[in-house]
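Coordinate analysis (summary)
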Amino acid sequence: MLGFAAAAAPSASTSAASAVTSLANAAHTNNFFSFSALDFISRTLSPSNQPLSVASLKLTSYRVKAMADTLSTPKLDSKSSVAGRRQTLISLSDKKDLALLGRGLQDLGFTIVSTGGTASALESSGVSVTKVEEITCFPEMLDGRVKTLHPNVHGGILARRDQEHHMEALEKHGIGTFDVVVVNLYPFYDKVSSSSKISFEDGIENIDIGGPAMIRAAAKNHKDVLVVVDSEDYPDLLEFLRGTQDDQQFRRRLAWKAFQHVASYDSAVSEWLWKQAGEDKFPPSLTVPLSLKSSLRYGENPHQKAAFYVDKSLSEVNAGGIATAIQHHGKEMSYNNYLDADAAWNCVCEFNKPTCVIVKHTNPCGVASRKDIIEAYRLAVKADPVSAFGGIVAFNVEVDEAIAKDIREFRSPTDGETRMFYEIVVAPKYSKKGLEILRGKSKTLRILEAAKNSKGKLSLRQVGGGWLAQDADDLTPEDIQFNVVSEKAPQESELSDAQFAWLCVKHVKSNAIVIAKNNCMLGMGSGQPNRLESLRIALRKAGNEVKGAALASDAFFPFAWNDAVEEACQSGISVIAEPGGSIRDADAIDCCNKYAVSLLFTNVRHFRH
């Protein structure tokens, strides 16, 4: 209870600062305020030397009381947090397992300091809490933007216990140390990537400021302060605190995780703001947040260590792809499995009709589209059964009981006896029975369920000391023109075959040639240093079926006569699709005219290195 007395006001020569200090001390020692003294302060602090308003006088009184509380703070033992007790700061947006953490820390004798909703949640769980306002002697303000940005918080986190002048500074200002800081951040990532779009203003308000500041401060001072940003680490934290040995490696691991957490958070904010600014697709600086999904047995070869990371960029949220595929069955994925599965999935998703693609070493060796997916599967195998054995099979439709049985039982066309073996089957979905049947084919068969890749992704590729970035090659036959440059125009079926071959060839390594007919790949040549050799490989695989087929080349033909174009025409190819652009395009046109072959220029190249 406060008493009031008509004490004499300080003389006019007394400074406002001295008066405030005197009153603060008086408030602490005598528990009374002087109306005349407060009147003096109000006149002194008023620029016009006029009495302040009632509201201002109340604010002045509040400041005096706050100073009195500060001055009354007991001096602390420099070796302890608060009067011999260890102290924890907890401020969480994601409150998973908070009760477990709070009770565990309380049982260990920690004083728990917390903010807003976290404090309320802890109290509801029966955990005693000191609210952060009691530490800062200052209320939360600016709609929560300022809560923990205060020396009484950050001083207690950043002070080095082995530096005497640090501890003396804390003692001088009545600041206690924090031994543990547990913080996670506003759900910015979830908010701006949700299907229900939020406004720019809401996005800004979900950018955490105080949280990253506390995390970074604790991580910097991890030698003295344990910092936790992941609820999965709560059990390890409590176990560590129950022990008697200090483990600096444990502290460093938590500090690394904290800085990584903030870095990923900041990268999401940066990516979002760049898009909001409507600038170029390629920013001056780019950060890609990667999250470890699995450690792999080895890389491309057994002597290479490897791991698989998931891209956590905002642009990849719900964007599909092999990285987010669900594995229903089989051995763990290997480095090469991921590369091959990605190639097969990217290829099969290009087709609108029910399609099967078989890939070996990232190249499609069999592709077929049919209304009957079983027929498409068998034709894809037939294109190159030797390469298909041990390959990856991809479908763009549901794998049901019927197709699953065929995958399980189908024999190789080479001998009619050997049951086909595959490393992976990937599809957008599986029926319950279909999945059951495939699981019975082999214990090792990897069964993946994936979502189609979104268009417009950024493609990144590493080179020594840097990264190449480009738009994904998303073009489809519907996006381009197949311009007839020869005397003979293709029939409708021939044009369809040329479009199918063109869609296949963009997924074959350069130099690439694909021969196709009736929506089925007959042969392909890939990865050869010269286009003529790729053509000859494709022709050999197509065999007698080449007559009347379509041919697609990923790039223009540098020569025509006595070279790839003439050999293709002589083999019985009926239509050729290529980008054009060679200085000898006229030779290619003349050659096709001589053999009555249709020639289509697409003006689109499909190099794939």
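Coordinates for the structure precede this section.
Summarised in this report is the structure supplied together with it. No experiment lies behind these values; they were computed from the predicted model shown. (Residues numbered from 1 in each chain as written. Predicted model: local features only at pLDDT ≥ 70, side-chain atom pairs only at ≥ 80, totals over all residues. Heavy atoms only, no water.)

**Comments concerning the nonpolar core**
Keep this limit in mind: Here, the term nonpolar core denotes a set of buried Ala, Val, Leu, Ile, Met, Phe, Trp, Tyr and Cys residues that are joined through side-chain atoms within 4.5 Å. Throughout this description, buried means an accessible area under 20% of the type-specific maximum (1.4 Å probe, protein chains only), exposed means over 50%, and partly exposed covers the range between. Numbering goes from the N terminus for both helices and strands, where a helix is a DSSP run of H or I of at least four residues and a strand is a run of E of at least two. We call two residues in contact when some of their heavy atoms are within 4.5 Å.
In terms of nonpolar packing, the biggest core is built from 55 residues, with Tyr377, Phe395, Leu438, Ile515, Leu551, Val565 and Ile576 touching the most fellow members. The element that contributes the greatest number of residues to this core is helix H15 (residues 373-383), accounting for six residues. Excluding anything up to four places from it in sequence, Leu551 contacts Ile513, Val514, Ile515, Leu535, Phe557, Ala568, Ile573, Val575, Ile576 and Ala577. Core analysis: the second largest hydrophobic core is formed by 46 residues, Leu296, Val367, Phe482 and Ala550 among them.

**Examining the sheet that holds strand S14 (residues 422-427)**
Note the threshold: The pairing criterion is simple: DSSP has to find at least two bridges between the two strands. Every axis corresponds to a line fitted to the C-alpha atoms, with the helix fit spanning only the stretch in contact, and the corresponding angles, defined between N-to-C directions, vary from 0 to 180 degrees.
One open sheet holds the six strands; their spatial order is S10-S15-S14-S13-S11-S12, and the pairing between them is mixed. On the outer flanks of this sheet lie strand S10 (321-329) and strand S12 (363-369), each paired with one strand and no other. Direction aside, neighbouring strands of the sheet carry axes that sit 25° apart on average. Two elements, strand S11 (residues 355-360) and strand S13 (residues 391-395), share four bridges in a ladder whose sense is antiparallel. Bridging from a neighbouring strand, Val357 pairs with Ala394 of S13. On the sheet, helix H14 (residues 335-348) packs against S10, S11, S12, S13, S14 and strand S15 (446-451) and is oriented at approximately 35° with respect to S13.

**Regarding the sheet that holds strand S3 (residues 87-91)**
Overall, parallel pairing links the five strands, which are arranged S5-S4-S3-S6-S7 in an open sheet. The open sheet is flanked by strand S5 (130-131) and strand S7 (226-228), the only strands paired with a single partner. Lying over the sheet, helix H4 (residues 98-107) contacts S3, strand S4 (111-114) and strand S6 (180-183), oriented at roughly 170° with respect to S3.

**Examining the packing of helix H11 (residues 210-220) against helix H13 (residues 248-276)**
Quick note on the threshold: Orientation labels follow simple angle bins: below 35 degrees gives roughly parallel, above 145 gives roughly antiparallel, 65 to 115 gives roughly perpendicular, and whatever is left gives oblique. Crossing handedness is read from the near helix: turned anticlockwise from the far helix by less than a right angle, it gives a left-handed crossing, and turned clockwise, a right-handed one. Each residue is assigned to one class: nonpolar for Ala, Val, Leu, Ile, Met, Phe, Trp, Tyr, Cys and Pro, charged for Asp, Glu, Lys and Arg, and polar for all the others, Gly among them.
Contact geometry for H11 and H13: axes closest at 9 Å, N-to-C directions at 150°. In terms of orientation, H11 lies roughly antiparallel with respect to H13. The two elements H11 and H13 meet at a crossing, and its hand is left-handed. Residue-level inspection shows Pro212, Ile215, Arg216, Ala219 and Lys220 of H11 in contact with H13, the latter providing Ala255, Ala258, Phe259, His261 and Val262. Within the contact of H11 with H13, the residues separate by chemical class into seven nonpolar, one polar and two charged.

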